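Structural description and commentary
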Amino acid sequence: MRSIAFREALREAMQEEMRRDERVFLMGEEVAEYNGAYKVSQGMLAEFGEKRVIDTPIAELGFAAVAVGAAQNGLRPIVEFMTWNFAVLPMDQILNTASKMLAMSGGQIGCPIVFRGPGGSAGQLGAQHSTAFESYYANIPGLKVVSPSNGYDAKGLMKQAIRYEEDPVMFMESEVMYGDKCEVPEEEYYIPLGKADVKRQGRDVTIVSYNKMMKVALGAAAELEKEGISAEVIDLRTIRPLDWDTIVESVKKTNRLVIVEEQWPFASISSEITYRIQKEAFDYLDAPIRRITSADAPMHYAPNLAALAIPDIDRTVRLVKEVVNQKK
């Protein structure tokens with residue numbers, strides 16, 4: 001095992017797959033000459049050349065359309081959005097073409113493409129650059145949505161998405177995690193989409209989360225342990241397909257469920273999980289399912305208001321204690 005940064009894990013995944021398959025290429029704003037806005041693609045232009053690491057104009061709809069067309073003609077593009085907030089612009093290509101072409105062509109034309117970049121809040125970026133988009137894309141049949149919490153998972157999931165997935169994959173990263181260190185093995189590995197990971201075993205309550213909110217979930221679990229509450233923490237890793245079995249089996253053991261996510265509350269990932277678990281594991285629940293989400297409002301620029309808007313460890317601990325102490 002070796003220690004590398006989250007951004008390096010992503011870079012290695014892309015480099016390894018580009019070395020293996022000449023059909024794979026990377027395109028996006030500043031991915032080449034500038035080595036990537038967050039230095040994820042550092043050094044890739046020098047290795048692969050300008051035909052496979054391509055700087056694009058500031059025109060997300062245009063270069064997403066180019067990538068979709070390339071994917072439909074046998075190539076395997078990776079498209080970097082400088083932020084997922086900018087990916088609202090090419091939504092027509094993602095929703096009306098990439099996600100639907102396999103069905104519309106009767107299975108004749110696929111769209112093996114990975115759209116990737118950072119989303120969610122990353123500090124004082126204001127309302128227009130702070131949206132978490134997992135629930136948006138998870139609502140679209142034909143797309144797969146990945147949202148890793150660490151570099152090890154990110155590398156394995158990225159390699160899986162590039163090499164094996166024939167559907168468009170929305171790969172949601174976090175700007176504030178690019179410098180996080182992770183342990184990655186020397187040998188090659190892949191992580192199948194649709195398989196959650198139990199990051200911490202527990203007996204009293206299940207906490208489900210993903211992406212950078214996993215830090216909140218694990219931090220809360222550590223604090224709860226000091227008070228004698230044993231929390232099992234599940235990292236979804238993939239939002240669509242979602243690993244229902246792992247959550248159900250955990251709830252059968254702990255009898256309580258709390259969901260921590262950065263989405264807005266209405267029609268969120270936690271909404272879907274709550275419905276599904278009460279449907280499939282209702283008899284095992286000893287307390288209502290609870291959740292903590294971002295505030296139901298645009299993100300403010302002021303740091304004190306931004307801190308209030310997204311889940312944190314203290315509020316998660318209080319919510320979990322309410323659930324654990326609640327009688328059936």
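Structural notes, computed from the coordinates. All values reported here derive from a predicted model rather than from experimental measurement.

The next point concerns the packing of helix H3 (residues 60-72) against helix H4 (residues 91-98). It is at 8 Å that the axes of H3 and H4 come closest, and there the two elements cross at 25°. In terms of their interaxial angle, H3 and H4 are classed as roughly parallel. Contacts from Leu61, Ala65, Val68 and Gln72 of H3 reach H4 at Gln93, Thr97 and Ala98. Residue composition of the contact of H3 with H4, by class: four nonpolar, three polar and no charged.

As a further point, take the nonpolar core. Counting residues in hydrophobic clusters, the biggest one holds 44 residues, and the most contacted among them are Phe115, Tyr137 and Ile273. When residues of this core are traced back to their parent elements, those giving at least two are strand E2 (24-28), H3, H4, helix H6 (134-138), strand E7 (169-173), helix H9 (244-254), strand E13 (257-260) and helix H10 (269-281). With six residues, H3 is the largest single contributor of residues to this core. Apart from residues lying up to four places away in sequence, tyrosine 137 is in contact with Trp84, Ala87, Met91, Ile94, Leu143, Val145, Met170 and Met172. The next biggest cluster of nonpolar side chains, apart from the first, holds 34 residues, and it includes Ile4, Met177, Tyr189 and Ile191.

Taken in spatial order, the seven strands line up as E3-E2-E4-E5-E7-E6-E12 in an open sheet, and their pairing is mixed. If you trace the sheet from one side to the other, it starts and ends with strand E3 (53-55) and strand E12 (238-240), each paired once. In this sheet, neighbouring strand axes are inclined to one another by 20° on average, regardless of whether the strands run parallel or antiparallel. In this sheet, E7 lies alongside strand E6 (residues 144-146) in parallel orientation, the contact comprising three bridges. Directly across from valine 145, in E7, lies its bridge partner methionine 170.

Let us now look at helix H8 (residues 213-226). Along its 14 residues, H8 runs 20 Å from first to last C-alpha, staying within 8% of the 20 Å computed at 1.5 Å per residue. For H8, the set of buried residues is Met213, Met214, Val216, Ala217, Gly219, Ala220, Ala221 and Leu224. Summarising the contacts, the buried residues of H8 are in contact with strand E9 (197-200), strand E10 (205-209), strand E11 (231-235), E13 and helix H12 (313-325).

Our focus in this paragraph is the pattern of salt bridges. Evaluated as defined, the whole model comprises 31 salt bridges. For lysine 159, the salt bridge is made with glutamate 16, and the minimal N-O distance between the two is 2.9 Å. Taken together, the positions of lysine 159 in helix H7 (residues 151-164) and glutamate 16 in helix H1 (residues 6-20) put the pair 143 residues apart, joining distant regions of the chain. Residue class for lysine 159 comes out buried when judged on its relative accessible area of 0%. A residue is classified by how much of its surface remains accessible, and glutamate 16, at 22% relative accessible area, is partly exposed. Between lysine 321 and glutamate 227 there is a salt bridge, with its nearest N and O atoms 2.9 Å apart. In this pair, lysine 321 is assigned in helix H12 and glutamate 227 in the loop between H8 and E11, connecting sequence segments 94 residues apart. A residue is classified by how much of its surface remains accessible, and lysine 321, at 27% relative accessible area, is partly exposed. A residue is classified by how much of its surface remains accessible, and glutamate 227, at 47% relative accessible area, is partly exposed. Several salt bridges share partner residues, and in doing so they unite Arg2, Glu12, Glu16, Glu17, Arg20, Asp21, Arg23, Lys155, Lys159, Glu186 and Glu188 into one network.

Before going further, it helps to examine a negative patch on the surface. On the surface, Glu30, Glu33, Glu50 and Asp55 cluster together to form a negatively charged patch. Residue position: glutamate 30 is located in the loop between E2 and helix H2 (44-48).

Looking now at the layout of surface pockets. Of the voids in this model, the largest pocket is the one considered here, and its volume is about 290 Å³. Contributing to the lining of the largest pocket are 14 residues, with Ala138, Asn139, Ser268, Ile269 and Glu272 lying nearest its centre. In terms of residue count, the dominant contributor to the lining of the largest pocket is H10 (four residues). Partitioning the lining of the largest pocket into residue classes produces seven nonpolar, four polar and three charged.

Moving on to the pairing of strand E4 (residues 76-80). Counting buried residues in E4 gives five out of five residues, a clear majority hidden from the surface. Of the two faces of E4, the one lined by Arg76, Ile78 and Glu80 and the one lined by Pro77 and Val79 are each fully buried. Taken together, the five bridges between E2 and E4 define a ladder with parallel strand orientation. The partner of leucine 26 across the bridge, within E4, is isoleucine 78. In this structure, E4 lies alongside strand E5 (residues 114-118), joined through three bridges in parallel fashion. Across the sheet, residue isoleucine 78 finds its bridge partner in E5, namely valine 114.

Bringing empty space enclosed by the protein into the picture now. Gaps between atoms show up when a probe of the same size as a water molecule is rolled over them. Under the criterion given, the structure shown has two cavities of 30 Å³ or more. In this structure, the largest cavity spans a volume of roughly 80 Å³. As for the largest cavity, its lining consists of Gly119, Gly120, Ala132, Phe133, Glu134, Met172, Glu173, Tyr210, Asn211, Lys212, Met213 and Glu262. When the residues that make up the lining of the largest cavity are grouped by side-chain class, the tally is five nonpolar, three polar and four charged. Approximately 30 Å³ is the volume found for the second largest cavity. What lines the second largest cavity is simply Arg76, Pro77, Pro112, Ile113, Val114, Ala161, Ile162 and Glu165.

About the cut-offs
- Residues numbered from 1 in each chain as written.
- Predicted model: local features only at pLDDT ≥ 70, side-chain atom pairs only at ≥ 80, totals over all residues.
- Heavy atoms only, no water.
- Axes fitted to C-alpha atoms, helices over the stretch in contact; angles between N-to-C directions.
- Helix = DSSP H or I, 4+ residues; strand = E, 2+ residues; numbered from the N terminus.
- Parallel < 35°, antiparallel > 145°, perpendicular 65-115°, else oblique.
- Contact = heavy atoms within 4.5 Å.
- Nonpolar A, V, L, I, M, F, W, Y, C, P; charged D, E, K, R; others polar.
- Core = buried A, V, L, I, M, F, W, Y, C linked by side-chain atoms within 4.5 Å.
- Buried < 20%, exposed > 50% of the residue type's maximum accessible area, 1.4 Å probe, protein only.
- Pairing = 2+ DSSP bridges.
- Expected span 1.5 Å × (residues − 1).
- Salt bridge = Lys/Arg side-chain N within 4 Å of Asp/Glu carboxyl O.
- Patch = residues over 30% accessible without salt bridge, like charges linked within 9 Å, V, L, I, M, F, W, Y side chains within 5 Å.
- Areas by Shrake-Rupley, 256 points an atom, 1.4 Å probe, with all protein chains shown as cover.
- Lys, Arg positive; Asp, Glu negative; His and termini not counted.
- Charge placed at Lys NZ, Arg CZ, Asp CG, Glu CD.
- 1 Å grid on protein atoms, 1.4 Å probe; cavity = no way out; pocket = protein on both sides within 12 Å on 5 of 7 lines; lining within 4 Å.
- Points joined across faces, edges and corners; volume = space filled by probe spheres on them.

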